[in-house]
Protein chains: 2
Amino acid sequence: MRACDHRRVATLLYDGLGIFEFGIVVEIFGLPRPELEVDWYKFETCSHQRGPLRTTGGVHIEARHGLRTLQQAGTIVISGWKRTREPPPESLLKALRSAHACGARLVSICSGAFVLAATGLLDGKRATTHWRYAEELASRFPKIRVDPGVLYVDEGSILTSAGSAAGIDLCLHIVRCDYGAEIANRVARRLVMPPHRDGGQAQYVQNPVDRRAPGGLAPLLQWAQSHLGQALRVEDLARRAAMSPRTFARRFRQQTGTTPHQWLTHQRLLAAQMRLEKTDDGIDAIAEAVGLQTAAGAGVDCRCRMALDTKKRPRFASDRRNRLSHNCTPACVVGQAVSHVNPVTL
Amino acid sequence: MRACDHRRVATLLYDGLGIFEFGIVVEIFGLPRPELEVDWYKFETCSHQRGPLRTTGGVHIEARHGLRTLQQAGTIVISGWKRTREPPPESLLKALRSAHACGARLVSICSGAFVLAATGLLDGKRATTHWRYAEELASRFPKIRVDPGVLYVDEGSILTSAGSAAGIDLCLHIVRCDYGAEIANRVARRLVMPPHRDGGQAQYVQNPVDRRAPGGLAPLLQWAQSHLGQALRVEDLARRAAMSPRTFARRFRQQTGTTPHQWLTHQRLLAAQMRLEKTDDGIDAIAEAVGLQTAAGAGVDCRCRMALDTKKRPRFASDRRNRLSHNCTPACVVGQAVSHVNPVTL
DNA sequence: GCGCATATTGGCATTTCTGCCTATCGACAT
DNA sequence: ATGTCGATAGGCAGAAATGCCAATATGCGC
């Protein structure tokens, strides 16, 4: 394994490239950043294919380099892969293996994990991918320990990240490793992104992953979601999970990234949003149904009130199609009201 | 003003286009989404310039349409503008004004606000842009009420968003307005982004904006940041801000998006991260210095402990350059530990 | 100036959160 | 078998967060 410069970053272009994921890589590694006053990354686009390549959004782009350059890079980013079932060309795999053998760092975003998986280099290692593909990845590459619940996995020389935006998190993580926290924070700030975000992509998945994980909270959360109308106290939830309140709080944070109460409030607001759109019920009825009016405890106050307070109801809620000044539905307003709540969805 | 279909989305390409911002627009509006089972947006790329256009990342792309198509769209997105000082061509401005007169919605991301500003359509309206450009925008277009503290501004027919990633928030907002919260949430989930995020970009700016806003917390926050070592209680902060604890809590949430205590803890961890990199102090000394060991109150527990606990120190902190199994510096680990804390920076 | 409506503020009670301390359990070496 | 170490669980007290209500300020039309 020869030493190689991780600051030489190459990313793979291919026919059908997702421009968003590519954009992330460019934004983090590919922009000149004189203000940071460090020896910043050198960035190259490479492809195994010649000529203009189609991308999402209906535009075409052309890589400036071929696999040879890719292979010489110290950090290689595979941002997605058009069709997960399509095996990557052997020439590409060879280049990746060779680069890795020389000490290069392999990075994948979203379905790019399938390319890394195909090299065999992930065997026995942990990895992740977009939650839509997690199952497929795990079943097609059983040797890989797929963790669908995290935003990214750092296995040292191979790093994989979950869907789309999680690529930002991983790229920032890499910057943090290479240049330190301060630089990474500055990059994040310029991106107007939080410097780190976690709790895993589990938050963003529709159905909780790992339903039957030992001590998993998923069943409880599901139960809670369908009983939002009741005045659920954290203590009750803990009892239901057969844990002491303290342990429950700890587990809850581990698995969701928030406190039970914040999560609950957020669920209530989301539910309210949905009902505002899907039903013709009035604000009060909905608030009641999702447990917001009566709710014992805490979590909403002015924020939710701003949108749900019965006093303001006539202003926009007389009809659920009634539009606000800015063409927003009530649900939209609630959405903005929610915004201050910790963004955990599950 | 004729009715026009907001679902016809066009975005402007230009020489020097930021591929990241463009990617956002594509990802939200430009992907086929059969799974949503709605009449999704039609997406077009337009430009006033012919031929391949340079973009960030060193690739070239070509717009499929010209200004005529742009003008006919119902939603026009300007994702950035290469040089804020460069006046947009009159032909473009004309097309935008004309489209707007016909009822089209104008949307800007990042420095794209300068293009909208140049049309004059923003005069008297509220708007925002990337925090780096906010001041310039305000001074060059004094008639615009620039709000540099928010992620986006919805003025009905003109929507502006702050830097880069804030464009995602705005685009999701638009989807929420057009198709409702559920659809928007599904799009967000697929992006692995929170469905809404707020508290404003104020969180991400290095130096708090609006330092002298009436009742602004910025000075207090700055003071707190330089006195993290002390055992600051929320009550103390409130007193220092000359507010009752209750009012303080409310204001704090308004302006930062979190509770005082969460913010404080996050600041402590960030500070610890920095010190781990910049100084040769040991874990204990640093923890002490940023108020984590001694800290009265709450906020860290197992999360921070995971990285800072003196018991585990020998494992990775004997030398600050000492690497973990995954090539991470201690600061990096702390970063991951921080992750469960609400991502507010300020 | 007056009355009404709305927004802001402060205090209080309740719930929730969290650091810390102790107890328990299992692995492992002696 | 015994003791030590580490990890996890539970309990507790103090701090923090929040809904709610009452009081006060602010604004507005008359």
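Quick summary incoming for the structure in this document. Predicted, not measured: the structure shown is a model, and the values here were computed from it. (Residues numbered from 1 in each chain as written. Chains lettered and ligands numbered in written order. Predicted model: local features only at pLDDT ≥ 70, side-chain atom pairs only at ≥ 80, totals over all residues. Heavy atoms only, no water.)

What to know about the overall build of chain A
Stage number 1. Across its full length, chain A holds 15 helices and 10 strands.
Stage number 2. Taking the contacts inside chain A whose residues are at least 6 apart along the sequence as the reference set, 65% of them involve residues at least 24 apart.
Stage number 3. When the accessible surface of chain A is totalled, it reaches about 13400 Å², and 48% of it is carbon and sulfur. (Helix = DSSP H or I, 4+ residues; strand = E, 2+ residues; numbered from the N terminus. Contact = heavy atoms within 4.5 Å. Areas by Shrake-Rupley, 256 points an atom, 1.4 Å probe, with all protein chains shown as cover.)

Considerations on the side chain of B:Thr129
Stage number 1. The residue B:Thr129 is located in the loop between strand S7 (126–127) and helix H5 (134–140) in this model.
Stage number 2. A distance of 2.8 Å separates a polar atom in the side chain of B:Thr129 from the backbone oxygen of B:Cys110. (Polar contact = N/O pair within 3.5 Å; in protein donor to acceptor, adjacent residues only side chain to side chain.)

Thoughts on the sheet that holds strand S6 (residues 105–109) of chain A
Backbone-to-backbone hydrogen bonds join strands into a sheet, with any given pair of strands oriented parallel or antiparallel.
Residue and element names in this part refer to chain A.
Stage number 1. What the 6 strands build is an open sheet, ordered S2-S1-S5-S6-S10-S9; its pairing is mixed. Looking at the sheet topology across the chains shown, the edges are occupied by strand S2 (42–47) and strand S9 (152–154). Ignoring strand direction, the axes of neighbouring strands in this sheet form an average angle of 15 degrees.
Stage number 2. Relative to strand S10 (residues 158–161), S6 runs parallel, the two sharing 4 bridges. Bridge pairing links Val107 to Leu159 in S10.
Stage number 3. Contacts from helix H3 (residues 90–101) reach strand S1 (8–13), strand S5 (75–79), S6 and S10 within the one sheet, and its direction differs from that of S5 by about 145 degrees. (Pairing = 2+ DSSP bridges. Axes fitted to C-alpha atoms, helices over the stretch in contact; angles between N-to-C directions.)

A look at the packing of helix H1 (residues 19–30) of chain B against helix H6 (residues 166–179) of chain B
All names here are of chain B.
Stage number 1. One way to put it is that H1 packs onto H6 with a least axis distance of 10 Å and a crossing angle of 20 degrees. By the criterion of interaxial angle, the relationship of H1 to H6 is roughly parallel. Considering only the axes of H1 and H6, their crossing is right-handed. On H6, the residues that touch Ile24, Ile28 and Phe29 of H1 are Gly167, Ile168, Cys171, Leu172, Ile174 and Val175. (Parallel < 35°, antiparallel > 145°, perpendicular 65-115°, else oblique. Left-handed = near helix turned anticlockwise from the far one by under 90°.)

Topic: the pattern of salt bridges
Stage number 1. With the rule as written, the count across this model stands at 25 salt bridges over all chains.
Stage number 2. As a salt-bridge pair, A:Lys82 and A:Glu86 come within 4.0 Å of each other at their nearest N and O atoms.
Stage number 3. We note a salt bridge from B:Asp5 to B:Arg7, for which the minimum N-O separation is 3.3 Å.
Stage number 4. For B:Asp5, a relative accessible area of 32% puts it in the partly exposed group.
Stage number 5. A relative accessible area of 30% places B:Arg7 in the partly exposed class. (Salt bridge = Lys/Arg side-chain N within 4 Å of Asp/Glu carboxyl O. Buried < 20%, exposed > 50% of the residue type's maximum accessible area, 1.4 Å probe, protein only.)

With respect to the nonpolar core
Stage number 1. Counting 151 residues, the largest nonpolar core has A:Phe22, A:Phe29, B:Phe22 and B:Phe29 as its most contacted members.
Stage number 2. Excluding residues within four positions of it along the chain, B:Phe22 makes contact with A:Ile19, A:Val59, B:Thr11, B:Leu13, B:Leu17, B:Phe43, B:Thr45, B:Ile61 and B:Ser79.
Stage number 3. Grouped together as the second largest cluster of nonpolar side chains are 21 residues, B:Leu220, B:Ala224, B:Phe252 and B:Ala287 included. (Core = buried A, V, L, I, M, F, W, Y, C linked by side-chain atoms within 4.5 Å.)

Considering the sheet that holds strand S10 (residues 158–161) of chain B
Residue and element names in this part refer to chain B.
Stage number 1. Strand order in the open sheet formed by 6 strands is S2-S1-S5-S6-S10-S9, and the pairing between neighbours is mixed. In this open sheet, the two strands that pair with only one neighbour each are strand S2 (42–47) and strand S9 (152–154). Taken pair by pair, the neighbouring strands of this sheet meet at an average axis angle of 15 degrees, ignoring direction.
Stage number 2. Sheet analysis places strand S1 (residues 8–13) next to strand S5 (residues 75–79), joined by 3 bridges and oriented parallel. Counterpart to Val9 in the pairing with S5 is Thr75.
Stage number 3. Sheet contacts for H1: S1, S2, S5 and strand S6 (105–109); angle to S2, the most-contacted strand, approximately 150 degrees.

Quick look at the packing of aromatic side chains
Stage number 1. Inspection of every chain in the model, using the stated rule, returns 18 aromatic pairs over all chains.
Stage number 2. Between A:Phe252 and A:Trp263 the ring centres are 5.8 Å apart and the planes differ by 70 degrees, which places this aromatic pair in the edge-to-face class. Within this pair, whereas A:Phe252 is found in helix H10 (residues 245–256), its partner A:Trp263 is found in helix H11 (residues 260–278), the two being separated by 11 residues in sequence. Here A:Phe252 and A:Trp263 have matching classes, each one buried.
Stage number 3. Here the aromatic rings of B:Phe29 and B:Tyr41 are separated by 4.8 Å at their centres, their planes lie at 90 degrees, and the arrangement is edge-to-face. Here the residue B:Phe29 occupies a position in helix H1, and B:Tyr41 occupies one in the loop between H1 and S2, the gap between them amounting to 12 residues.
Stage number 4. We classify B:Phe29 as buried; its relative accessible area is 1%.
Stage number 5. B:Tyr41 gets classed as buried once you look at its relative accessible area, which sits at 7%.
Stage number 6. In textbook terms, an aromatic cluster arises when at least three aromatic residues are bridged by ring pairs, as seen for A:Phe29, A:Trp40, A:Tyr41 and A:Tyr179. (Phe/Tyr/Trp six-rings, centres within 6.5 Å; stacked < 30°, edge-to-face > 60°.)

Focus: the packing of helix H1 (residues 19–30) of chain A against H1(B)
Stage number 1. In contact at an axis separation of 8 Å, H1(A) and H1(B) are set at 160 degrees when each is read in the N-to-C sense. When the axes of H1(A) and H1(B) are compared, the pair comes out roughly antiparallel. In this structure, H1(A) crosses over H1(B), and the sense of that crossing is left-handed. Contact residues: H1(A) offers A:Ile19, A:Phe20, A:Glu21, A:Phe22, A:Gly23, A:Ile24, A:Val26 and A:Glu27, while H1(B) offers B:Ile19, B:Phe20, B:Glu21, B:Phe22, B:Gly23, B:Ile24, B:Val26 and B:Glu27.
Stage number 2. Taken together, the residues that form the contact of H1(A) with H1(B) break down as 10 nonpolar, 2 polar and 4 charged. (Nonpolar A, V, L, I, M, F, W, Y, C, P; charged D, E, K, R; others polar.)

Section: the environment of A:Glu136
Residues and elements named next belong to chain A.
Stage number 1. Relative to the elements of secondary structure, Glu136 occurs in helix H5 (residues 134–140).
Stage number 2. Spatially, the C-alpha atoms of Glu136 and Thr84 are 8.6 Å apart, while their sequence positions differ by 52 residues.
Stage number 3. Not counting the four nearest positions on each side in its chain, Glu136 is found in contact with Thr84, Arg85 and Phe114.

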